[in-house]
6 protein chains.
Amino acid sequence: MRILVVNPNTTASMTETIEAAATSAAAEGTMIEATTSGMGPVSIEGYYDEVFAMPGLLAEIRRGEAGGAQAAVIACFDDTGLDAARSMASIPVIGICEAALTLASFVAARFTVVTTSERSRVPVEELVRRYGFASRAKVRVAGVPVLALEDPNSDAVAKLKMEIARALDDDRAEAIVLGCAGMADLAAALQREFGLPVIDGVGAAVKQAEALIALGLTTGKRGAYASPLPKPFIGMLADFAPPAA
Amino acid sequence: MRILVVNPNTTASMTETIEAAATSAAAEGTMIEATTSGMGPVSIEGYYDEVFAMPGLLAEIRRGEAGGAQAAVIACFDDTGLDAARSMASIPVIGICEAALTLASFVAARFTVVTTSERSRVPVEELVRRYGFASRAKVRVAGVPVLALEDPNSDAVAKLKMEIARALDDDRAEAIVLGCAGMADLAAALQREFGLPVIDGVGAAVKQAEALIALGLTTGKRGAYASPLPKPFIGMLADFAPPAA
Amino acid sequence: MRILVVNPNTTASMTETIEAAATSAAAEGTMIEATTSGMGPVSIEGYYDEVFAMPGLLAEIRRGEAGGAQAAVIACFDDTGLDAARSMASIPVIGICEAALTLASFVAARFTVVTTSERSRVPVEELVRRYGFASRAKVRVAGVPVLALEDPNSDAVAKLKMEIARALDDDRAEAIVLGCAGMADLAAALQREFGLPVIDGVGAAVKQAEALIALGLTTGKRGAYASPLPKPFIGMLADFAPPAA
Amino acid sequence: MRILVVNPNTTASMTETIEAAATSAAAEGTMIEATTSGMGPVSIEGYYDEVFAMPGLLAEIRRGEAGGAQAAVIACFDDTGLDAARSMASIPVIGICEAALTLASFVAARFTVVTTSERSRVPVEELVRRYGFASRAKVRVAGVPVLALEDPNSDAVAKLKMEIARALDDDRAEAIVLGCAGMADLAAALQREFGLPVIDGVGAAVKQAEALIALGLTTGKRGAYASPLPKPFIGMLADFAPPAA
Amino acid sequence: MRILVVNPNTTASMTETIEAAATSAAAEGTMIEATTSGMGPVSIEGYYDEVFAMPGLLAEIRRGEAGGAQAAVIACFDDTGLDAARSMASIPVIGICEAALTLASFVAARFTVVTTSERSRVPVEELVRRYGFASRAKVRVAGVPVLALEDPNSDAVAKLKMEIARALDDDRAEAIVLGCAGMADLAAALQREFGLPVIDGVGAAVKQAEALIALGLTTGKRGAYASPLPKPFIGMLADFAPPAA
Amino acid sequence: MRILVVNPNTTASMTETIEAAATSAAAEGTMIEATTSGMGPVSIEGYYDEVFAMPGLLAEIRRGEAGGAQAAVIACFDDTGLDAARSMASIPVIGICEAALTLASFVAARFTVVTTSERSRVPVEELVRRYGFASRAKVRVAGVPVLALEDPNSDAVAKLKMEIARALDDDRAEAIVLGCAGMADLAAALQREFGLPVIDGVGAAVKQAEALIALGLTTGKRGAYASPLPKPFIGMLADFAPPAA
């Protein structure tokens, strides 16, 4: 199996973290192709950054599909561009937020997402609602810039731990979901330290991608995810115009 | 008052329809500045097109705000890029879907949105849910390409009428919301013909923009809509990077 | 445009506050006719008072419509008698709660209503739910009798400010909605003081009334808001019987 | 036990139907006092009629409580004035809609309410939602004026049966709730004819009233249903002003 | 009337508490037959215990129905086995949780359930949601093992009172529901002490059973609760196989 | 990896169908141990059968865990006994309904479950709601007894196809979920025939089990799924009593 994992921000060092998590989760025989978006913001924090991460993300997925990838993972916890990617691609596409929440729901009746910064709180809360977990999951913010997770000297991990501790006490969380792809390397250690399931979305999404490939499932094309209609695109985004079928 | 109305697709003839509806709704003393996005798809049909309409839309809003506009209207029924626009702009931003649903809710307990094509059904249903009207509003599809609305020889209006008739019978609709900016010129005639409120989102949004300006209200910046953090954007979208404060 | 603004309680000094807010919000060319209900409680605090405010309110709307008003605003945050008014009147009718929540939803992803007293908490929570904002808005109580808002020597404003401060900290409110018509004069100063949007429903409703008039929209009469059937009313309320069509 | 059953419309013949149903449901030792409102509409069809039925209803409950009734039933399927009555009275108050839906939920996973006319459809749907049954119950309209139920020559019963038949086929209803107090005498025969539970709210509410009395339960007075504050009421409704405690 | 009240755990002393509450709630002429399950756990705390309480419970209901009981009450706050019992029995079946929540909803707009231990929190929250009260009711845990309620020397009652006090302050509860059959004897005293309605489910369910019997209502058999199909059951549970009709 | 797949009904031929689907979905290196419950009904159709399938199911899971299985799949679309199994086991447990709905949600915005018979419609609808898909998924019934799926001469497949065709037309389904473990062998052929994703829960659950094992995740034990408390169980189920820790 060949699974494309796209880091939709443009910071290659974060792609390394993501790739390591993806590879570690992959089954024997699964090849992970981790790639960094070639255009857009260096980190995705809030709605504005999301918009400008999408074209680069879609370009990577298109390229990956053409190169033989059988499924794609969007490695940003906002599930940036997920609906558009499902419309565009013939291969299935998985977001790390939906994948992580799903696995959490299989091991816990109540759980808490700990994400990075205030700009992401409401977007993540809306995803929790969209995916059907509003009555089971809470969202907390660690107060950590995304790129601080790449810096070993920052207090990011300490802040994250403090918020997990609060989730255990105040939310009665039975599992923790790490709300940023940049936290992917922390799951195992946090699980050991806190003694409850700690879920990283990157690994979770790789497993969902394997599931869809193994079962021969790909996005249904009769409704919301029908292929984009061929039409002209104007200006610097013209290359993204859907080709005539 | 100066209100910017952005057509986020790149078809200037549709902007004319939109401008006429906006101008006709505007109060005395309100100046409408209608503008067409300079990049992206010629019409917005489904999730993929939405992504590529957003940068051009945001560029127009930024330009409009710099030029003195006091509020912005996004004239596409998908409320394309609304959250990002609210984060970016200091002036308030209104989507035509949210504006139309709101006015419908003031004149009807149950109502139906009639939108263009199947690709838009689920996105509009999700907006209906997001805005809190899931138990009051239904979504119907007329089976009309967006640009057919610009073509006087198409059967677009006939199909739209057929679907309105079904909404009256099957949904017991007490009002109709026109689910595409390109239908803005049809509201008055349809209202006369069918004898119930027919709501165009462009006019509705202009009035909401006037309301916010008159009351001195603009987007709150303490949470989901905090201004984008200054950071580098890479590649052809680099010009969109938020400046340092 | 002529807009009727009815204070459904019988305290004329509160009508003055309401009239000032309405007038200040109105567009050039809009004439505000503020009126005080001629029967019922001197303030509306809880479900019981609401019942006895309704006949007087409906009488004022009927009188206003006969006198040429083109829309009516119900200036009590319980949206007292709104459904009945919509059934009775040919002109559109707006409640200040629905208008305020709507404008809040255009400038904030999360917001808080601060209302007067415990008797109003649940009624306002139920309105928040009815209007579709249950997942976005919280309700707080300042512990202030409605008529204390008229008394410059009371600690009403201090208590209101204390609760707004809590909403900012504990609810992460991005906007504040003032949950009583008697607070209409405080919005601008509170907005300046707290640095986030503060929304008064009276002004908000006037703008919605202008919107409906400008767009030629009035209540749909095919369902929930069909005109009352002609039938005898018995006893002291007999004058309210709907006339034969 | 003494239970007051108020017909909030002013048609005494309907009170007879209600009284018969109430008496037939009552336990040995329960005394039913059925009473007709002394003011307001002769039938309650839609939101407007409801408003003018409330003062007379509340007057009857006040009188009944003073006379020793231990619980009150509001015998109109709109649960007219229920919240106000709970605030005013020291004795518990039950609406026939909430009572009927509750018993239906004890004998059926899915059920359908058949009410009288289109004006009542949305109000009843909103009650179904308020009482928590939106995912389990549907509402149908028989197209029958309330007072036609009193007329043995009308086709009211035939129309009602036709709609029950549709509920069985199209809604897969496992029980039927009769959506009007005026249908109270039909439940037993319809249950025999259609072979599934058919629930009349009047009997249902009498049993709930008995339950509350037997268990020594009455309305909690710490929040939404706190007693009305003493304050002046102006005009012809002045007699309804709450007395100083 | 003959009402079977089954204690689905196997602790006879708890059945005595239940029987006393049931008898005290019953109308004159109602005969309570309280019975203890003959197999399964000595107390029901969490999902696992529930499973093994069900066969014994169903055996008691089958025996009770054969012996002439006209309705059955399941006296465990998890409403253990309720759906299966409704499918199996011809007589109506009531759970004490649904009965208690219902009566609470008739006397309070907001209320709190206080249950025993953490293992029961989520199951009870899910019942609150299932029965439609998610926006009105909260669940609290007293931290008391079920059987400690039988022990006069335990601090169970003290802990329960502490949690009720918190519900009054923090939840603004207008009524309290006792979330365990073993608390049935405490309702009256707690109601006096705290001055708000305190509802025991056993008494509540007995009254609902009387209601259904009096009104001639029993479980509808056309859908979810159709009688089990005759089929072989294998192994030690073979005796539970539904007989051929 | 070793994954236990339990058929909770006692029909060994259905276990063969299940085993084939599980094996075909499993990754290289995953060992499937399919097992048939040793007690209870020969098929599970409705709530009653579910109860008596649970003890045998739990016995198989306990045995499987003791024998080294690393995860368990419950191969009945009612997700029979899932909560109890999660409480009992240290290894993670997956239901085929939750697994199938999840994968459907990754490839379709709207989808339809086609289950066997009317007795299963409401239980499956309730699972759809519980898992958060109420606004995205519909449930249809093919009118097929579970064991007819084992009979090559029955018209079961024809009826199933008819219902899928209706789902495409009437529900606008973008994917189909097969609502019975006994349909597991049909997914691939139906997917080819209808040209949209068709999802079998057995394969779906095997992949989720692999995901949890690979990521080192198992059920959180701090809340709803805490291990059962040691306590005596009475009667023929005594062997199921949780041992002292």
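All values derive from a computational prediction rather than experimental measurement.

## Some words on the overall build of chain A
Across its full length, chain A carries eight helices and ten strands. For the C-alpha atoms alone, the extent of chain A along its principal axes is close to 55 × 35 × 35 Å. Taking all 245 residues of chain A together, the buried fraction comes to 69%. Counting contacts in chain A only where the partners sit at least 6 residues apart, residues at least 24 apart contribute 69% of the total. Roughly 7,400 Å² of accessible area belongs to chain A as shown, and the carbon and sulfur atoms make up 52% of that amount.

## Observations regarding unusual backbone geometry
All names here are of chain B. Unusually for a residue other than glycine, Asp-79 sits at a positive phi of about 50°. Inspection of the secondary structure puts Asp-79 in the loop between strand 4 (71–74) and helix 3 (82–88). Residue class for Asp-79 comes out buried when judged on its relative accessible area of 5%.

## Topic: the interface of chain E and chain D
Listed per partner, the contact involves 44 residues of chain E and 44 residues of chain D. Between chain E and chain D the total buried area reaches about 3,300 Å² when both faces are included, carbon and sulfur atoms providing 63% of it. At the junction of chain E with chain D, the criterion picks out zero salt bridges. At the boundary of chain E with chain D, the tally comes to 13 residue pairs in polar contact (both at pLDDT 80 or more). For the side of chain E that touches chain D, the secondary structure elements donating two or more residues are strand 5 (93–95), helix 4 (96–107), strand 9 (198–200) and helix 8 (201–214) of chain E. When residues in the side of chain E that touches chain D are grouped by element, the largest group, eight residues, is from helix 8 of chain E. Residue composition of the side of chain E that touches chain D, by class: 24 nonpolar, eleven polar and nine charged.

## Structural notes on the relation of the copies chain E and chain D
What connects the two chain copies is a rotation about an axis and a shift along it. Mapping chain E onto chain D is achieved by rotating through 180° and translating by 0.0 Å along the same axis, at an RMSD of 0.0 Å. Here the copies are linked by what is in effect a two-fold axis. Considering only C-alpha atoms, the part of chain E nearest the rotation axis is E:Gly132, at 1.9 Å. When the interface residues of chain E are mapped onto chain D, 100% of them are again interface residues, pointing to one common binding face.

## Details of the environment of A:Val157
Residues and elements named next belong to chain A. With respect to the helices, strands and loops of the structure, Val-157 is situated in helix 6 (residues 156–170). Under the relative-accessibility criterion, Val-157 is labelled partly exposed at 34%. As for Val-157 and Ala-142, which are separated by 15 residues in sequence, their C-alpha atoms are 9.1 Å apart.

## Considering the domain arrangement of chain A
All names here are of chain A. In terms of domain boundaries, chain A breaks down into domain 1 (2–96 + 204–240) and domain 2 (97–200). Averaged C-alpha coordinates put domain 1 and domain 2 at centres separated by 22 Å. With 27 residues of domain 1 at the interface, the matching set in domain 2 holds 29 residues. Note on domain 1 versus domain 2: buried area summed over both sides is about 2,200 Å², and carbon and sulfur give 59% of it. Contact with domain 2 buries surface across domain 1, with Met-14, Glu-45 and Phe-77 losing the most and accounting together for 32% of the total. Linking domain 1 with domain 2 are two salt bridges. Asp-83 is the salt-bridge partner of Arg-130, the closest N and O atoms lying 3.0 Å from each other. Taken together, domain 1 and domain 2 are joined by 13 residue pairs in polar contact (both at pLDDT 80 or more). Element by element, the count of residues in the side of domain 1 that touches domain 2 is highest for helix 1 (residues 12–25), at five residues. Its residues assigned to classes, the side of domain 1 that touches domain 2 shows 15 nonpolar, seven polar and five charged.

Procedures and definitions
Residues numbered from 1 in each chain as written. Chains lettered and ligands numbered in written order. Predicted model: local features only at pLDDT ≥ 70, side-chain atom pairs only at ≥ 80, totals over all residues. Heavy atoms only, no water. Helix = DSSP H or I, 4+ residues; strand = E, 2+ residues; numbered from the N terminus. Buried < 20%, exposed > 50% of the residue type's maximum accessible area, 1.4 Å probe, protein only. Contact = heavy atoms within 4.5 Å. Areas by Shrake-Rupley, 256 points an atom, 1.4 Å probe, with all protein chains shown as cover. Buried area = accessible area lost by both parts, 1.4 Å probe. Salt bridge = Lys/Arg side-chain N within 4 Å of Asp/Glu carboxyl O. Polar contact = N/O pair within 3.5 Å; in protein donor to acceptor, adjacent residues only side chain to side chain. Nonpolar A, V, L, I, M, F, W, Y, C, P; charged D, E, K, R; others polar. Least-squares fit on C-alpha atoms with pLDDT ≥ 70 in both. Domains from an automatic or database assignment.

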